[in-house]
Amino acid sequence: MDKITVKDKIFKPYISDKELQESITLIAEKINHDYSGKSPIFIGVLNGSFMFMSDLLKKINLQCTVSFVKLASYEGTATTGKVSELIGLNEDLEGQDIILVEDIVDTGNTLIKLYEILEEKKVNSIKIASLLFKPDAYKKSHPIDYIGKKIPNAFVLGYGLDYDGWGRNLSSIYVLDEK
Ligand code: 5GP
């Protein structure tokens, strides 16, 4: 695969479509096993999680419901640390088993904020599934229950992840070419 230009930056191929699907299959198998006999609600964090949610849910064989929330915390290629309000959650979550689905966990600020908001809703349980995880950037102690791939501290793009709104439609993951 070739390098691509998105806006003013060059990105090189990083994780192939095939590799992504293999990771997603492994996550789905674990969730299918762990939630056997249960009916969880999958809550995807927009915008970045839409592709992962779609491919993950096709591999889930549980009776489940699906919802999306939105909480923006990122601008350009650096985490701002700011987290805005949660929008889009209309379901009554009391007593529910929640699987929060993230595209990527970087510092963990977004995730912990979401977690705290959901915890207040008298839910039965909350687990976190993230396609990508940057362990070296993670500042929280809360475990990430299901991880597709651990990656180093680099800016990635594609498969739902954007650079200033662009590149979400790419079917595989690219990484910023620093050279
Ligand atoms: P955190 O709050 O964990 O620092 O960041 C979470 C959000 O930042 C993710 O949901 C994602 O939108 C964005 N983000 C973090 N790292 C990257 C990255 O390498 N590439 C892109 N495109 N977005 C990222």
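A quick note: this is a predicted structure, and the numbers were derived from the prediction, not measured. (Residues numbered from 1 in each chain as written. Predicted model: local features only at pLDDT ≥ 70, side-chain atom pairs only at ≥ 80, totals over all residues. Heavy atoms only, no water.)

Caption draft 1: Focus on a nonpolar patch on the surface. Together, L46, F50, V66 and F68 give the surface a local cluster of nonpolar side chains, amounting to about 300 Å² of exposed area. The topology assignment puts F50 in helix α2 (residues 50-58). Classification of F50 as partly exposed rests on a relative accessible area of 35%. (Patch = residues over 30% accessible without salt bridge, like charges linked within 9 Å, V, L, I, M, F, W, Y side chains within 5 Å. Areas by Shrake-Rupley, 256 points an atom, 1.4 Å probe, with all protein chains shown as cover. Salt bridge = Lys/Arg side-chain N within 4 Å of Asp/Glu carboxyl O. Helix = DSSP H or I, 4+ residues; strand = E, 2+ residues; numbered from the N terminus. Buried < 20%, exposed > 50% of the residue type's maximum accessible area, 1.4 Å probe, protein only.)

Caption draft 2: Here's a closer look at the site of the ligand. Inspection of the region around the ligand gives 18 residues, with T107, T110, K134, V156 and D162 positioned closest. In this structure, D103 approaches the ligand through a side-chain N or O atom, which is 3.0 Å from an oxygen atom. Interatomic distance of 2.7 Å between a backbone N/O atom of D162 and a nitrogen atom of the ligand. Those elements giving two or more residues to the shell around the ligand turn out to be β7 (97-105) and α3 (109-119). Tallying contributions element by element places β7 first for the shell around the ligand, with four residues. Its residues assigned to classes, the shell around the ligand comprises seven nonpolar, six polar and five charged. (Near = heavy atom within 4 Å. Polar contact = N/O pair within 3.5 Å; in protein donor to acceptor, adjacent residues only side chain to side chain. Nonpolar A, V, L, I, M, F, W, Y, C, P; charged D, E, K, R; others polar.)

Caption draft 3: Focus on the pairing of strand β11 (residues 173-176). As defined by bridge partners, strand β2 (residues 9-15) adjoins β11 across four bridges and the pair is classed as antiparallel. Its bridge partner being in β11, I15 is matched across the sheet by I173. In this sheet, β11 lies alongside strand β10 (residues 156-157) in antiparallel orientation, the contact comprising two bridges. Counterpart to V156 in the pairing with β11 is V175. (Pairing = 2+ DSSP bridges.)

Caption draft 4: Looking closely at the pattern of salt bridges. By the definition in use, this model includes seven salt bridges. Of the charged contacts, one joins D177 and K3 as a salt bridge, the two residues approaching to 2.6 Å between their closest N and O atoms. Pair noted here: D177 is in the segment after β11 and K3 is in the segment before β1 (4-6), with a separation of 174 residues, a long-range link. A relative accessible area of 51% means that K3 is categorised as exposed. When the shortest N-O distance is used, the salt bridge between K7 and D164 registers 3.2 Å.

Caption draft 5: View of the sheet that holds β1. Strand order across the open sheet formed by four strands is β1-β2-β11-β10, with antiparallel pairing between neighbours. The strands lining the two open edges of the sheet, one partner per strand, are β1 and β10.

Caption draft 6: Seen up close, the side chain of D55. Note that D55 resides in helix α2. We classify D55 as buried; its relative accessible area is 15%. Among the polar contacts listed, one links the side chain of D55 to the side chain of K58, at a separation of 3.3 Å.

Caption draft 7: Spatial organisation of α3. Counting buried positions over the 11 residues of α3 gives eight, a clear majority of the element. Buried within α3 we find N109, T110, L111, I112, L114, Y115, I117 and L118.

Caption draft 8: Highlighting the environment of Y146. With respect to the helices and strands, the residue Y146 is situated in strand β9 (residues 146-150). Other than its neighbours up to four places away in sequence, Y146 contacts I27, K30, I31, D34, Y35, K127, I128, A129 and S130. In terms of polar contacts, Y146 uses its side chain to reach the side chain of D34, at 2.6 Å. (Contact = heavy atoms within 4.5 Å.)

Caption draft 9: Examining unusual backbone geometry more closely. In this model, L46 is joined to N47 through a cis peptide bond whose omega is 0°. Along the chain, the position of N47 falls in the loop between β3 (41-46) and α2. Of note in the backbone geometry, K122 takes a positive phi value of approximately 55° without being a glycine. Counting through the fold element by element, K122 comes out in the loop between α3 and β8 (125-133). Here the phi dihedral of Y159 falls at roughly 50°; this positive angle occurs in a residue that is not glycine. By secondary structure assignment, the location of Y159 is in the loop between β10 and β11. Taking the relative accessible area as the measure of exposure, Y159 reaches 3% and is therefore buried.

Geometric descriptors of this kind do not, in isolation, establish any biological role.
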